[in-house]
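Coordinate inspection notes
Listed here are the chains, written in short residue letters.
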Amino acid sequence: MAKSKKNERRRVLIANKKSPFSYVEAYKTVRTNFNFITQSNEYKTIIVTSATPAEGKSNVVINLALSLAEMGKNVLVIDCDMRKPGLSKYLNISLRTPGLSNVLSNQSRIEDVVFKVSDLGFYVLPAGAIPPNPSELLASKNMERVIRSLEKDFDYVLLDTPPAFVVSDALVLEKVVDGAILVIAHRQATISSIKSAKESLEKSNIKIIGAILNKYDSKQSFSSDYNYNYDYYASDYSKEGKR
Ligand SMILES: Nc1ncnc2c1ncn2[C@@H]1O[C@H](COP(=O)(O)OP(=O)(O)O)[C@@H](O)[C@H]1O
Ligand SMILES: [Mg+2]
């Protein structure tokens, strides 16, 4: 994903007609590869995660949802960061809006808290009131029940995860997700942090279906110590090995 400083909309970098060509094109490639991998494997519920904070997970979730919605897919994004809800910030949703935490603690019904972000064409389940026990809620039987029921109504359910997700919480979502997308920010995550994120996900039996190289700055690429096997969307490496 090309680095983009322009076109900040609500501080999220939405790939639209005004965005740089490379940014929009990169999301089209992500969408195409995402469709190939998910449709051939019947994957529906995908977590978007990263090794370190602020690599661009929430931006990727929103832009991926937007580009899938543009091609007619019925997409839901869920903010699983109940401590600091990133999607609410970018989508201008009030922190008082009920959401996932309220549903998981049986205070709200799913149908009352999921709504369409009308100008972007996808649906959102906000994080909800900040609970004292977010990890416990994510690990609850209720979470499984909620996701299974949402999967009936949507083509894709994309989960935006908290910053430290891979370290502490991966295991708890193992039962509910079909796979993970690892967002890797150019010159931000180290090779060792990426490796340990990959290992944590694998230990938790969460299949990495692809990786997105984000904030890619072509000017810095030649001096980079990055392994360029990480394309902006590497294909299913559990099957084909790292490309
Ligand atoms: N492709 C990109 N180019 C430039 N800045 C980006 C890009 N993607 C994300 N950012 C910026 O990086 C910061 C973290 O992004 P965010 O999506 O909130 O990360 P996370 O959800 O992983 O914490 C934000 O300031 C965001 O605007
Ligand atoms: Mg975020």
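Focus on the sheet that holds strand 9 (residues 208-214)
Strand order across the open sheet formed by seven strands is 5-6-4-7-3-8-9, with mixed pairing between neighbours. Whereas interior strands pair on both sides, the edge strands pair on one side only; in this sheet they are strand 5 (115-117) and strand 9. Averaged over all adjacent pairs, the angle separating strand axes in this sheet is 30°, with direction ignored. The pairing of strand 4 (residues 75-79) with strand 7 (residues 156-160) spans five bridges and is classified as parallel. Within the sheet, the bridge partner assigned to Ile78 lies in strand 7 and is Leu159. Across the sheet, helix 2 (residues 57-70) touches strand 3 (45-50), strand 4, strand 6 (122-125), strand 7, strand 8 (179-185) and strand 9, and the angle it forms with strand 7 is around 165°. Packing against the sheet, helix 10 (residues 191-203) makes contact with strand 3, strand 8 and strand 9, and its axis sits at approximately 170° to strand 8.

A short note on the confidence of the model for the protein chain
When pLDDT is averaged along the protein chain, the result is 85; 82% of the residues meet or exceed 70. The low-confidence segment residues 5-10 (pLDDT under 50) makes 15 contacts with residues lying over four places distant or belonging to another chain. Long-range and interchain partners of residues 222-243, a stretch whose pLDDT sits below 50, account for 62 contacts in this model, where long-range means more than four residues apart.

Structural notes on unusual backbone geometry
The backbone of Glu42 shows a phi angle near 55°, a positive value even though the residue is not glycine. Structurally, the position occupied by Glu42 is in the loop between helix 1 (21-41) and strand 3. Residue class for Glu42 comes out exposed when judged on its relative accessible area of 70%. Of note in this structure, Arg187 is not a glycine but carries a positive phi near 60°. Inspection of the secondary structure puts Arg187 in the loop between strand 8 and helix 10. The exposure class assigned to Arg187 is partly exposed, which follows from its relative accessible area of 43%.

Observations concerning the nonpolar core
Core analysis: the largest hydrophobic core is formed by 38 residues, its most contacted members being Ile47, Ile78, Leu100, Met143, Leu150, Leu159 and Leu173. The leading source of residues in this core is helix 7 (residues 141-153), at four residues. Beyond its immediate chain neighbours, meaning those up to four positions away, Leu150 contacts Leu76, Ile78, Ile110, Val114 and Leu125. Counting residues in each nonpolar core, the second largest holds 36 residues, with Leu64, Ala69, Val117 and Ile212 among its members.

Looking at the environment of Gly86
Within the secondary structure, Gly86 is located in helix 3 (residues 86-91). Its relative accessible area of 14% is what places Gly86 among the buried residues. Sequence separation between Gly86 and Pro163 is 77 residues; the distance between their C-alpha atoms is 9.8 Å.

Description of the pattern of salt bridges
Considering all chains together, one arrives at six salt bridges under this definition. The shortest N-O distance in the salt bridge between Glu111 and Arg109 comes to 3.9 Å. Here Glu111 matches Arg109 in class, with each residue exposed. Connected via shared salt-bridge partners are Arg109, Glu111 and Asp112.

Quick look at the packing of aromatic side chains
This structure, assessed with the given rule, holds three aromatic pairs. Between the aromatic rings of Tyr23 and Tyr27, the centroid separation amounts to 5.5 Å while the plane-to-plane angle is 85°, which identifies the pairing as edge-to-face. Separated by four residues within a single helix, Tyr23 and Tyr27 lie in helix 1, roughly one turn from each other. Residues Tyr23 and Tyr27 agree in their burial class; the two are buried. Note on Tyr123 and Phe154: the rings are 5.3 Å apart at their centroids and 65° apart in plane angle, and the pair reads as edge-to-face. Within this pair, whereas Tyr123 is found in strand 6, its partner Phe154 is found in the loop between helix 7 and strand 7, the two being separated by 31 residues in sequence. What makes Tyr123 partly exposed here is its relative accessible area of 24%.

Conventions used here
Residues numbered from 1 in each chain as written. Chains lettered and ligands numbered in written order. Predicted model: local features only at pLDDT ≥ 70, side-chain atom pairs only at ≥ 80, totals over all residues. Heavy atoms only, no water. Pairing = 2+ DSSP bridges. Helix = DSSP H or I, 4+ residues; strand = E, 2+ residues; numbered from the N terminus. Axes fitted to C-alpha atoms, helices over the stretch in contact; angles between N-to-C directions. Contact = heavy atoms within 4.5 Å. pLDDT = per-residue confidence, 0-100. Buried < 20%, exposed > 50% of the residue type's maximum accessible area, 1.4 Å probe, protein only. Core = buried A, V, L, I, M, F, W, Y, C linked by side-chain atoms within 4.5 Å. Salt bridge = Lys/Arg side-chain N within 4 Å of Asp/Glu carboxyl O. Phe/Tyr/Trp six-rings, centres within 6.5 Å; stacked < 30°, edge-to-face > 60°.

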